[in-house]
Amino acid sequence: MCGIAGWVSYDPAHPVTDATADAMTHTMACRGPDAHGLWRDGTAALGHRRLAVIDPDGGRQPMTYDHGGRTVLALTYSGEVFNFRELRAELESHGHVFRTQSDTEVVLHAYLQWGEGFTERLNGMYAFALWDPRTEELLLVRDRMGIKPLYYFPLPGGGVLFGSEPKAILAHPAVRPAVDAEGLAELVAFTKTPGHAVYKGMYELPPGHTLRVRRNGTLLRRYWALESREHTDDLDTTVARIRELLEDIIARQMVADVPLGTLLSGGLDSSVITALGARQRTAEGGAPVQSFALDFARHAENFTADDWRGTRDSPYADLLARHAGTDHRVVTLPPSALLDPAAREAVMRARDLPFDLGDGDTSLYLLFKAVREQCTVALSGESADEVFGGYRWFHHPDSVAADTFPWLAPPFGTGISGPGSGPGEALLDRGLLEKIDLQGYRAQRYRDALAEVPRLPGETGLERRMREIGHLHLTRFVQWMLDRKDRASMAVGLEVRVPFCDHRLVEYVFNTPWAMKTFDGREKSLLRAATRDVLPPEIADRVKAPYPTTRDPYYLDGLRAALKRVTEGPDSPVRPLLDGPSLAAATADDPQPGYRTGTELVLALDFWLRTHEVSLEF
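Residues numbered from 1 in each chain as written. Predicted model: local features only at pLDDT ≥ 70, side-chain atom pairs only at ≥ 80, totals over all residues. Heavy atoms only, no water.

*Asks:* How should I be thinking about the overall build of the protein chain in this particular structure?
*Replies:* On a plain count of helices and strands, the protein chain comes out with 24 helices and 19 strands. Since a compact globule built from 618 residues should have a radius of gyration of about 25 Å, the 24 Å found for the protein chain is in line with a globular shape. Over its C-alpha atoms, taken along the principal directions, the protein chain stretches across nearly 75 × 60 × 50 Å. Residues counted as buried form 62% of the 618 residues belonging to the protein chain. (Helix = DSSP H or I, 4+ residues; strand = E, 2+ residues; numbered from the N terminus. Rg over C-alpha atoms; globule rule 2.2 N^0.38 Å. Buried < 20%, exposed > 50% of the residue type's maximum accessible area, 1.4 Å probe, protein only.)

Pasting the structure below:
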């Protein structure tokens, strides 16, 4: 998967230096534990940390194309291009000669052949930088769905800093970690504005975009966006097409020169990926797929069914593993592991920002850490809910009709802070929320998001609204989920692939009418119909359950004790941001319910303010 970093400076007063470029690259070591590389000329430095997945011996980076004794093009690349074999054959027909078997070299030659238009030919998850020494221009590229992250920081004297994560840019001495009112609003709004990086002066390259950096400035270009097209296939044809796409996607994403497994929760999405992956492996005559499930110690005795989670995951994961014949392993976590300061710190350092789901993030990190002991690559069912309409708020009339993001609408977004509140703001000072105009910020981001929705002529009523909701999820909500999975996995050097984010599948299902997506009156009807034959009936008919969290009283007590500890000291950086009465209610011996997510956010904010020395400027 890898991590990239780099620095382009057109300012002679601030030339590129090896020491700083190397320090930026070193921050990406967790993303690429296998190798380190740094290439530079007088104006640019490209850094790379490698996680070897394809052609471990030949794919070292940064990679260059040299001709006539000089470098024509240099590349630092993160991710995977899943159609690299077809592209390689096409490029060879044009006369290109390859030295390696890597997809990295295919990207390099694809740009040489087709220029910036090569982005439209790539199928995969990627973020990379191409430097042309002849023109002294840098091209930054990010995949269509934003699976792989890429941040940049324009320099006032001309040029740019970039990296897979903010920490690479923050390692440069010219960058000061500061957050203004808009940045803090973005941090807690739970809206995920494309391009917004929270830190002042820093940006995230939006999905499906390129950024060209020249001496005279930068040019941001969108090369892909969801479009609305009339869906003419009938139901049977639609189901068959989805199955065809899934089989092709899985076949492409099962390619790796290192051990590969699947993440298996026992839900529909991960079970589909695992079952189809196991079929693919059997067809190739390979060893059984390794599958990995998460569980909590004493979860069976602490679990109580409710409106969110009607069943535990583990029995269904075991059932699918037996059905598909996988080599299955359950990673069981005790409360002490979830409260372990080292694990929580690793998660928060990986994020660079205090987006935090507490034990939901820590358990994901610990799961990935265990998976990494056996595999370098894992396939995940992430994003099926956004693509096929799986979340409960897709199907609740109040959230569908609400004039806001549906995940923030009642009854799902109604918390202690009132209707439309986010999951973590319960403990924040009410005056602070008014000062940063959080509700106004959310409303503006919602209007901006709606303005981007591609409309289908004549589409009205529920179909029109569900197109809007689908687009909101595929351009906003899914970004938050993909970021979470990327940081947790790359913190341990594990590459997680997300087949449901293949842009061909996303485009096709996005344009399928809502009535067809729910033809049997259930969530994800099309996915169930397309894959029912490879699943046990119990899983094919299982009701959607969200990612599990522990309900162990020991964890909740530990969480409350940690909140007391970080807010009682006179030097607490987070205390001025909190609401006194709410804090007292959350830390009481008999705490009021509803503060768990807010507590997790406060702990993350405290760590972030302490370790990153963030300046709050508002």
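*Asks:* I would appreciate a short explanation of the nonpolar core in the present structure.
*Replies:* Generally speaking, soluble globular proteins have nonpolar side chains that are buried together. Among the nonpolar cores identified, the biggest contains 78 residues, and F118, F128, L130, I242, F388, F500 and L505 are the most heavily contacted of them. Once you skip the residues sitting within four places of it in the chain, L505 turns out to touch I242, L245, L246, I249, F388 and F500. In terms of nonpolar packing, the next biggest core, distinct from the first, is built from 68 residues, L353, Y446, A449 and I469 among them. (Core = buried A, V, L, I, M, F, W, Y, C linked by side-chain atoms within 4.5 Å. Contact = heavy atoms within 4.5 Å.)

*Asks:* What is the right way to look at helix α11 (residues 341-351) in this model?
*Replies:* Residues spaced three or four apart along an α-helix face the same direction, because each turn holds 3.6 residues. All buried positions along α11 are accounted for by A343, R344, V347, M348, A350 and R351. Looking straight down α11, one finds that the buried residues subtend no more than 160° of arc, so they occupy a single side. Among the exposed residues of α11, those oriented more than 90 degrees off its buried face are P341 and A342. Looking one or two places after α11, you find D352, whose phi comes out positive at around 70°. (Arc of directions from axis to C-beta.)

*Asks:* Please clarify how the packing of aromatic side chains should be interpreted in this entry.
*Replies:* The relation between two aromatic rings is expressed through the spacing of the ring centres and the mutual angle of the planes. Using the criterion set out here, one finds 18 aromatic pairs in the structure. On the numbers, 5.4 Å between centres and 75° between planes, the contact of Y111 with F118 is edge-to-face. F118 carries the same exposure label as Y111, and that label is buried. Note on Y152 and Y203: the rings are 5.5 Å apart at their centroids and 25° apart in plane angle, and the pair reads as stacked. On the criterion of sequence distance, the pair formed by Y152 in strand β8 (residues 151-154) and Y203 in strand β11 (residues 203-204) is long-range, its members being 51 residues apart. The partly exposed category is assigned to Y203, whose relative accessible area is 39%. Chaining the aromatic ring pairs together yields one cluster made of F190, Y391, W393, F405, W407, F412, Y446, F477 and W480. When the ring centre of W114 is taken as reference, the NZ or CZ atom of R121 above it lies at 3.8 Å. For R467, the ring lying beneath its charged end belongs to F510, and the centroid distance is 5.2 Å. (Phe/Tyr/Trp six-rings, centres within 6.5 Å; stacked < 30°, edge-to-face > 60°. Lys NZ or Arg CZ within 6 Å of the ring centre and 35° of its normal.)

*Asks:* Any chance you could explain the environment of V566 here in plain terms?
*Replies:* Locating V566 in the fold gives a position in helix α22 (residues 553-568). Residue classification places V566 among the buried positions, given a relative accessible area of 16%. With sequence-adjacent residues up to four places away left out, V566 is seen in contact with S572, V574, L603, D606 and R610.

*Asks:* How do you make sense of the sheet that holds strand β12 (residues 209-214) when you look at a structure like this?
*Replies:* Adjacent strands of a sheet pair through backbone hydrogen bonds, lying either parallel or antiparallel. Sheet architecture is open: six strands sit in the order β4-β5-β6-β7-β12-β13, paired in antiparallel fashion. Two strands lie at the open edges of the sheet, namely β4 (63-67) and β13 (217-222), each paired on one side alone. Here the strands of the sheet are splayed against their neighbours by 15° on average, with no regard to which way each runs. Where strand β6 (residues 124-132) lies against strand β7 (residues 137-142), six bridges are found, and the strand directions are antiparallel. Counted as the bridge partner of D132 is E137 from β7. (Pairing = 2+ DSSP bridges. Axes fitted to C-alpha atoms, helices over the stretch in contact; angles between N-to-C directions.)

*Asks:* I'm lost on the state of the cysteines in this one. Help?
*Replies:* Here a disulfide denotes a covalent bond joining the sulfur atom of one cysteine to the sulfur atom of another. On inspection of all chains with the given rule, the structure shows zero disulfides. With no disulfide of its own, C2 lies 12 Å from the sulfur of C30, the closest cysteine sulfur. Assessed through its relative accessible area of 5%, C2 is described here as buried. (Disulfide = S-S within 2.5 Å.)

*Asks:* Looking at this structure, how should I read the side chain of E386?
*Replies:* Secondary-structure assignment places E386 in helix α13 (residues 384-388). Here E386 sits buried without a salt bridge, and the closest side chain of opposite charge, K544, lies 7.6 Å off (N-O distance). Engagement of the side chain of E386 in a polar contact is seen with the side chain of Y391, the distance being 2.7 Å. (Lys, Arg positive; Asp, Glu negative; His and termini not counted. Salt bridge = Lys/Arg side-chain N within 4 Å of Asp/Glu carboxyl O. Polar contact = N/O pair within 3.5 Å; in protein donor to acceptor, adjacent residues only side chain to side chain.)

*Asks:* Before we go on, may I ask you to explain the environment of P454 in this structure?
*Replies:* When you line up the elements, P454 lands in the loop between α16 (438-451) and α17 (461-490). Between the alpha carbons of P454 and A225 there is a distance of 9.3 Å; along the sequence they are 229 residues apart. Beyond its immediate sequence surroundings of up to four residues, P454 is in contact with L226, E227, S228, R467, H471 and F510.

*Asks:* So what exactly am I meant to see when it comes to the pairing of strand β1 (residues 3-9) here?
*Replies:* The side chains of a regular strand alternate between the sheet's two faces. Of all seven residues in β1, seven are buried; the element is thus mostly enclosed. The side-chain alternation of β1 yields two buried faces, one formed by G3, A5, W7 and S9 and the other by I4, G6 and V8. Here six bridges tie β1 to strand β3 (residues 44-50), and the two strands are oriented antiparallel to one another. Pairing of G6 across the sheet is with L46, part of β3. Of the pairings in the sheet, the one linking β1 to strand β9 (residues 159-163) comprises five bridges and is antiparallel in character. Across the sheet, the residue bridging to S9 is G159, located in β9.

*Asks:* Would you explain the pattern of salt bridges in this entry?
*Replies:* Where charged atoms from two side chains of opposite charge come close, those side chains can pair. Counted by the stated rule, this structure contains 58 salt bridges. Here R31 makes a salt bridge to E165, at a shortest N to O gap of 2.7 Å. Placement of the pair is R31 in the loop between α1 (18-26) and β2 (35-40) and E165 in the loop between β9 and α4 (166-170), with a sequence separation of 134 residues. According to the relative accessible area criterion, R31 is buried, its value standing at 0%. A single salt-bridge network, built from bridges that share partners, covers R31, R142, K148, E165, K167, K192, E204, D352, D483, D486 and R487.

*Asks:* Explain unusual backbone geometry here, please?
*Replies:* Backbone geometry follows two general trends: most residues other than glycine have a negative phi, and most peptide bonds adopt the trans configuration. With omega at -5°, the peptide bond leading from Q61 into P62 counts as cis. With respect to the helices and strands, the residue P62 is situated in the loop between β3 and β4. The residue after P410, namely P411, is reached through a cis peptide bond having omega 5°. Note on placement: P411 falls in the loop between α14 (397-401) and α15 (430-435).

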